[in-house]
Amino acid sequence: MDAIQQHMLDTYRAARLSEPAPPPPGRHDRSALRGLYRHWFAHPPAGRPGTARPSGV
């Protein structure tokens, strides 16, 4: 099931339950990626364990 089909199903369920419809897919992608980038910039990920090479090799 792709994102559009899932959105259609969620919209149908919301209408049946008299709830507000969900936002369309991709609506908050840009702000989510921007927040992730800012988090990584402020707190860079640590190096992977086991990838360090001993010096002199």
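Data block above holds the structure.
Residues numbered from 1 in each chain as written. Predicted model: local features only at pLDDT ≥ 70, side-chain atom pairs only at ≥ 80, totals over all residues. Heavy atoms only, no water.

A.B. asks: Looking at this structure, how should I read the overall build of the chain?
C.D. replies: Across its full length, the chain holds two helices and zero strands. Sorting the 57 residues of the chain into buried and exposed places 2% on the buried side. Put simply, the chain shows about 5,700 Å² of open surface, and 58% of that area lies on carbon and sulfur atoms. (Helix = DSSP H or I, 4+ residues; strand = E, 2+ residues; numbered from the N terminus. Buried < 20%, exposed > 50% of the residue type's maximum accessible area, 1.4 Å probe, protein only. Areas by Shrake-Rupley, 256 points an atom, 1.4 Å probe, with all protein chains shown as cover.)

A.B. asks: Honestly, helix 1 (residues 3-16) in this entry has me stumped. Any pointers?
C.D. replies: One turn of the α-helix equals 3.6 residues, which is why residues spaced by three or four share an orientation. With 14 residues, helix 1 ought to run about 20 Å at 1.5 Å a step, and its terminal C-alpha atoms sit 20 Å apart, in line with that. One or two positions beyond helix 1, positive phi appears at Ser18, with a value near 55°. (Expected span 1.5 Å × (residues − 1).)

A.B. asks: Sorry if this is basic, but what is going on with the packing of aromatic side chains here?
C.D. replies: To describe a pair of aromatic rings, one takes the distance between the centres and the angle between the planes. Throughout the structure, instances matching the rule amount to one aromatic pair. A centroid spacing of 6.2 Å and a plane angle of 25° characterise the contact between Tyr37 and Phe41, whose relative ring orientation is stacked. Note that Tyr37 and Phe41 are positioned in helix 2 (residues 29-42) at a spacing of four residues, about one turn of the helix. Taken individually, Tyr37 and Phe41 each receive the classification exposed, so the pair is uniform in this respect. (Phe/Tyr/Trp six-rings, centres within 6.5 Å; stacked < 30°, edge-to-face > 60°.)

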